[in-house]
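Examination of the molecular architecture
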Amino acid sequence: MELLTLTHSGYPRIGDSADEQALRRTIAQHDRGERTDADVRAAENQLVLLALEDQQKAGIDILTDGQIRWNDPVSHLAGKLQGVHTNGLLRFFDTNFYFRQPLVRGRIEQTQPLIVEEFQWAAHRSIQPVKPVVTGPYTLASLSICDNGSANKDGLIMGYAQALAAEVARLASSGAKLIQVDEPALPRHPRDMALAREALGLIASRKGQAELALAVYFADAASVYVELQAFPVQTLVLDFTYSPELPHVIEKEGSTKAIGFGVLDGRNTRLEDHASTARSIERMLARVEAERSYLTTSCSLEYLPRDRARLKLRHLTSLKKSILGEAP
Amino acid sequence: MSRSKLSELRVDLPLLPTTAVGSLPKPEALLKARADFARGNISHEELREAERAAVKWWIRKQEELGLDVLVDGEMYRSDMVAYFAEHLSGFEGGGLVRSYGNRYYHKPIIVGEVIPGDPITVEWWSYAQGLTARPVKGVLTGPYTLMDWSFNEFYPSRREACLALAAAVRQEAEGLIGAGCKIVQIDEPAISARPEELALAIEAMKIVTSDLPAYFITHICYGDFESIYPKMLDLGVDNFDLEMSNSRAGLLPLFRKTPFTKDISYGVVDVHSHLVEGPAVAEERLRHGLEVLPLQNVWVDPDCGLKTRTVEEAIAKLKSVVQAAKALRGYGGQISTPTRSSFSP
């Protein structure tokens with residue numbers, strides 16, 4: 001059994017140093033007409049490099065570009081699709097982070113790539129593998145509103161799924177070995193599992209040789225765990241901070257898929273006790289049939305200050321060593 | 001009911017009272033003073049003087065604009081949570097985290113027991129009230145939001161952290177009321193984020209406001225109101241300040257279904273857009289709200305604090321707020337608005 005550490009998805013795009021605050025400064029200057037679009041791109045590039053560097057220094061096995069270029073996990077994707085406009089601010093689940101809500105005014109169509117260029121840019125500059133992450137069709141649909149009320153929920157989900165499937169195909173052919181689809185809305189709506197599974201099926205059909213991971217978070221996954229095992233993905237990335245029962249459910253049910261153990265809280269600065277966390281993971285690993293599993297945080301690290309996000313990543317690496325019996 | 005409470009408190013307000021929510025943009029001179037202070041170029045007292053000047057400037061400006069209930073604009077606060085965390089024991093400062101787009105805030109960390117200490121905002125409120133004959137709101141951040149928007153490394157549970165903070169906020173509310181404040185706003189924007197914790201938020205608010213002689217407002221925004229309405233009406237306050245513009249008045253159908261039983265501060269301008277809505281737009285939004293809400297229970301204001309806008313944008317938006325209220329106030333009893341009994345079940 002191989003155990004790898006991976007960055008969940010986002011990473012703070014601000015920190016305490018001048019370098020780490022350059023993007024905020026550049027965007028503010030851009031808003032005042034003092035900087036160009038190219039200046040903003042350059043500042044984003046620089047911050048992606050810093051995010052990759054932080055992850056590499058922490059010893060993480062599979063990195064992300066930190067979603068540094070994203071205004072939020074919703075409008076960054078939906079805003080690039082034809083038929084979708086972005087509207088007012090709305091709270092992102094139970095966080096203190098806000099996204100621009102998609103307003104669907106017509107048939108959803110993809111007329112431009114969504115994140116493949118961002119992925120390639122980071123992947124070419126990283127020694128470690130980089131994992132692209134997209135927000136899933138069910139979550140995008142559940143956070144959207146329809147202007148004319150004509151689109152039904154199924155149509156909306158499948159519209160987003162079609163667009164994301166095309167992007168996943170591009171990512172796979174661009175060299176992505178592991179692609180993550182984030183569906184935080186899913187465990188909150190267990191009745192829609194079949195619909196979401198069908199949408200994921202569409203995406204899975206375009207993944208080529210890539211491994212597909214489904215990430216659910218911000219809700220208790222224990223009650224839907226058995227159904228998640230039937231999704232057409234190779235890996236389930238799970239948030240353990242909402243689910244006191246989840247370790248017991250996994251120990252009982254086992255897993256035919258790789259598990260991404262999101263055991264370190266991505267939303268609190270407190271560092272978890274290694275010994276008890278390691279023991280719990282060891283018990284679950286004994287029931288995982290896949291050849292590989294992952295250690296990660298419960299969600300994106302963007303909810304933490306950068307210095308604390310760094311500590312969490314190091315804590316993750318050190319947790320892996322504890323489990324593998326290596327010297328920390 | 002709330003009108004009678006205001007009368008008991010001897011607060012005389014017109015129909016459709018106008019107010020700002022809380023924060024206002026810091027004028028250029030204050031921004032420079034804060035930057036100078038951060039670089040060590042001016043003293044703490046010089047920064048205080050700049051903050052006082054900014055409060056005075058905004059009090060005059062609000063009077064000039066014709067607002068009925070004024071705010072100090074929070075010229076001396078960094079952020080609605082960090083400011084209180086800086087003044088309460090048990091907290092340490094945290095780094096920056098993003099709230100949206102290119103906006104970030106310092107998120108504090110609870111590292112020890114929160115113990116109520118010296119008054120935090122009372123002196124600032126007294127200063128602002130001393131500058132004007134119009135009522136000035138005291139504005140505090142509520143215990144649930146202080147808990148939810150901080151990292152917690154000390155308390156074993158969110159509930160314990162929240163209730164400890166409630167005791168501290170109550171002490172601050174008592175301080176304001178003791179100084180003469182009659183309208184106290186307890187901001188709880190986080191309440192709508194976790195419907196399953198609404199009971200905790202209600203319990204905490206009860207600790208803050210129960211049996212205190214003041215008219216209490218709470219500001220809630222940007223959340224899943226469908227999950228907490230009408231239960232949220234159990235919060236121990238007289239007035240709910242809600243963002244009705246950004247949400248495109250999406251709450252009105254809920255109010256049609258289950259009548260809103262308290263006063264409401266109705267947001268008629270969006271605070272997250274550089275676009276300044278003219279008075280006609282604000283008036284139309286307000287008119288739309290008055291199709292559902294009784295005239296005598298409605299206050300008029302922006303959706304949320306205006307600190308993220310420029311001073312010019314904030315003034316223009318507040319002007320639209322005042323003009324919209326005045327336009328509809330002018331109709332007096334002629335405007336067709338529902339009474340409580342006119343709601344269909």
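Not measured: the values here are computed from a predicted model.

What counts and what doesn't
- All residue numbers refer to position in the chain's written sequence, counted from 1.
- Here every chain gets a letter starting at A, and every ligand a number starting at 1, in the order they are written.
- A pLDDT threshold of at least 70 governs which residues receive local features in this predicted model, and a stricter bar of 80 or more applies before side-chain atom pairs are shown or counted, although totals over entire chains, interfaces and linings include all residues.
- Side-chain calculation: all heavy atoms of the structure are included, whereas hydrogens and water are not.
- The numbering of helices and of strands both runs from the N terminus, where a helix is a DSSP run of H or I of at least 4 residues and a strand a run of E of at least 2.
- Atoms counted for the radius of gyration: C-alpha only. Globule rule: 2.2 Å times the number of residues to the power 0.38.
- Relative accessibility decides the category of a residue: with a 1.4 Å probe and only protein chains considered, values under 20% of the type maximum give buried, values over 50% give exposed, and everything between is partly exposed.
- By definition in these notes, contact holds between two residues if any of their heavy atoms fall within 4.5 Å.
- All accessible areas in this document rest on Shrake-Rupley with a 1.4 Å probe, and a residue is counted as covered only by the protein chains that are shown.
- Two residue types count as positive, namely Lys and Arg, and two as negative, namely Asp and Glu; His and chain ends fall outside the count.
- Every charge is mapped to an atom, namely NZ of Lys, CZ of Arg, CG of Asp or CD of Glu.
- Here the quantity called buried area is the total loss of accessible area, with a 1.4 Å probe, experienced by two parts when brought into contact, counted for both.
- Salt bridges are counted wherever a side-chain nitrogen of Lys or Arg sits within 4 Å of a carboxyl oxygen of Asp or Glu.
- Scored between 0 and 100, pLDDT is the confidence that the predictor attaches to each residue.
- Only buried residues count toward a nonpolar core. Its members are Ala, Val, Leu, Ile, Met, Phe, Trp, Tyr and Cys residues joined through side-chain atoms within 4.5 Å.
- What the arc covers is the set of directions going from the helix axis to the C-beta atoms.
- Helix axes are fitted to C-alpha atoms over the stretch in contact, other axes to C-alpha atoms as well, and angles between N-to-C directions run from 0 to 180 degrees.
- Angles are sorted into four bins: roughly parallel if under 35 degrees, roughly antiparallel if over 145, roughly perpendicular if 65 to 115, and oblique for all others.
- In this scheme, a crossing is called left-handed if the near helix is turned counterclockwise away from the far one by less than a right angle; it is called right-handed if the turn is clockwise.
- Note on residue classes: Ala, Val, Leu, Ile, Met, Phe, Trp, Tyr, Cys and Pro are nonpolar, Asp, Glu, Lys and Arg are charged, and everything else, Gly too, is polar.
- Should DSSP find at least two bridges between two strands, the strands are regarded as paired.
- The crossover handedness rule: strands pointing away from the viewer, path from first strand over the helix to second strand clockwise, crossover right-handed.

Counting secondary structure elements, chain A contains 11 helices and 10 strands. Against the 2.2 N^0.38 benchmark of 20 Å for 328 residues, chain A shows a C-alpha radius of gyration of 19 Å, consistent with a compact globule. For chain A, the residues scored as buried account for 62% of the 328 residues in total. For chain A, long-range pairs separated by at least 24 residues make up 75% of all intrachain contacts whose partners lie at least 6 apart in sequence. Accessible surface computed for chain A: about 12600 Å², of which carbon and sulfur atoms make up 46%. In chain A, the 38 positive side-chain charges and the 41 negative ones have mean positions that sit 1 Å from each other.

Take the interface of chain A and chain B next. Facing the 34 residues of chain A at the interface are 30 residues of chain B. Carbon and sulfur atoms supply 45% of the area buried between chain A and chain B, which totals about 2800 Å² over both sides. Ranking the residues of chain A by area buried against chain B places Leu89(A), Arg91(A) and Asn96(A) at the top, with a combined share of 23%. Scanning the region where chain A abuts chain B turns up 4 salt bridges. For Arg308(A), the salt bridge identified is with Glu153(B), shortest N-O distance 3.2 Å.

Take the confidence of the model for chain B next. All names here are of chain B. Mean pLDDT over chain B stands at 92; residues scoring 70 or higher make up 95%. Low pLDDT (under 50) marks residues 336-345, which in the prediction has 22 contacts with non-local residues, meaning those over four places away or in another chain. Predicted complex metrics record ipTM = 0.93 and pTM = 0.88.

A few words on the nonpolar core. In globular proteins that are soluble, nonpolar side chains generally tend to be buried together. Counting 113 residues, the largest nonpolar core has Tyr160(A), Leu228(A), Leu238(A) and Phe261(A) as the members making the most contacts within it. Per element, the largest residue contribution to this core is 10 residues, and it comes from helix α6 (residues 153-173) of chain A. Residues in contact with Leu238(A), not counting those within four places in the same chain, are Val216(A), Ala221(A), Tyr225(A), Leu228(A), Leu246(A), Ile250(A), Ile259(A), Gly260(A), Phe261(A) and Gly262(A). Residues Val55(B), Tyr144(B), Leu198(B) and Ile202(B) belong to the second largest nonpolar core, which totals 111 residues.

Let us now look at unusual backbone geometry. The omega torsion across Tyr229(B) and Pro230(B) is 10°, close enough to zero to call that bond cis. With respect to the helices and strands, Pro230(B) occurs in the loop between α9 (225-228) and β9 (239-242). With a phi angle near 50°, Gln67(A) is a residue other than glycine that sits in the positive phi range. If you trace the backbone, Gln67(A) turns up in the loop between α2 (37-58) and α3 (75-78). Residue classification places Gln67(A) among the buried positions, given a relative accessible area of 12%.

Once that is clear, we can look at helix α5 (residues 122-129) of chain B. Residue and element names in this part refer to chain B. Among all positions in α5, only Val122, Trp124, Trp125 and Ala128 are buried. Looking straight down α5, one finds its buried side chains confined to an arc of 165°; they lie on one side. Here the buried face of α5 lies against α3 (44-65), α4 (82-87), β5 (138-141) and α7 (158-178).

Moving on to the packing of helix α2 (residues 28-38) of chain B against α3(B). Residue and element names in this part refer to chain B. In contact at an axis separation of 9 Å, α2 and α3 are set at 165° when each is read in the N-to-C sense. On the basis of their axis angle, the class for α2 and α3 is roughly antiparallel. The crossing of α2 and α3 is left-handed. Each of Leu30, Ala33, Arg34 and Phe37 in α2 lies in contact with α3, whose residues at this interface are His44, Leu47, Ala50, Glu51 and Ala54. Tallied by class, the residues present in the contact of α2 with α3 amount to 6 nonpolar, 1 polar and 2 charged.

Before going further, it helps to spend a moment on the pairing of strand β8 (residues 215-220) of chain B. Looking along a regular strand, one sees side chains alternate from face to face of the sheet. Residue and element names in this part refer to chain B. Among the 6 residues of β8, 6 are classified as buried, and the element is accordingly described as predominantly covered. Residues Tyr215, Ile217 and His219 point to one face of β8 and Phe216, Thr218 and Ile220 to the other, with burial holding for every one of them. As defined by bridge partners, strand β7 (residues 183-187) adjoins β8 across 5 bridges and the pair is classed as parallel. Note on β8: the bridge partner recorded for Gln185 is Ile217. The parallel pair β7 and β8 is bridged by helix α8 (residues 198-209), and the resulting crossover is right-handed. The pairing of β8 with β9 spans 4 bridges and is parallel. Its bridge partner being in β9, His219 is matched across the sheet by Asp241.

A few words now on the sheet that holds β9(B). Residue and element names in this part refer to chain B. The sheet built from 6 strands is open, its strands ordered β5-β7-β8-β9-β10-β11 with parallel pairing. Either end of the sheet is taken by a strand with one partner, and the two such strands are β5 and β11 (298-301). Each strand axis lies, on average, 25° off the axis of its neighbour in the sheet, ignoring direction. Direction of pairing for β5 relative to β7: parallel, over a ladder of 4 bridges. Among the inter-strand pairings, Thr141 is bridged to a residue of β7, identified as Asp187.

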